[in-house]
Amino acid sequence: MMLGPITEEPRAVREWKEEASKKEAVSLVIRLLKRRFGEVPDVSLAKIPQLSIEQVETLAEDLLDFTVLKDLEDWLQQNQSNQ
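Residues numbered from 1 in each chain as written. Predicted model: local features only at pLDDT ≥ 70, side-chain atom pairs only at ≥ 80, totals over all residues. Heavy atoms only, no water.

Chemist: Which residues make up the nonpolar core, and what values do they have?
Modeler: Residues Val29, Leu33, Ile48, Leu59, Phe66 and Leu72 are the most contacted members of the largest nonpolar core, which totals 17 residues. Residue assignment for this core shows that the elements contributing at least two residues are α1 (11-37), α3 (53-62) and α4 (69-80). Sequence-distant contacts of Leu33, defined by excluding residues within four places in its chain, comprise Gly38, Val40, Ile48, Leu63, Phe66 and Leu72. (Core = buried A, V, L, I, M, F, W, Y, C linked by side-chain atoms within 4.5 Å. Buried < 20%, exposed > 50% of the residue type's maximum accessible area, 1.4 Å probe, protein only. Helix = DSSP H or I, 4+ residues; strand = E, 2+ residues; numbered from the N terminus. Contact = heavy atoms within 4.5 Å.)

Chemist: Let's hear about α3: which residues, and what values?
Modeler: Of the residues making up α3, those classed as buried are Gln55, Val56 and Leu59. Projected down its long axis, α3 shows its buried positions confined to an angular sector of 100°, all on one face. Opposite the buried face of α3, at more than 90 degrees from it, the exposed residues are Glu54 and Glu61. On the buried face of α3, the contacting elements are α1 and α4. (Arc of directions from axis to C-beta.)

In C-alpha cells:
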C-alpha cells in the first residue's frame, strides 16, 4: 500500500513556524524603531513581543508614519487593550 503525500503539517510544526515568524517580525520592528529614533525606552520595547503577529505586522506599517517616540507609546497604549 502506497501512502500519498502528507498534505498538512503537524500542529507543532505550524506553531513553531508561526512563533519563528513572529520573532523575526518583532526583531525587524525593533531594529526599525531604533534606526528611526535611536534610543527606544526598554518599557516600550518589552511590550512589542507581547503583541499578536497581526499587531506586530500592523505596527511595522504604522511606524513609518511615526514622527516622535510618543507616537509609538500612544500606539502601544491603544493596541495593548486590543489583544
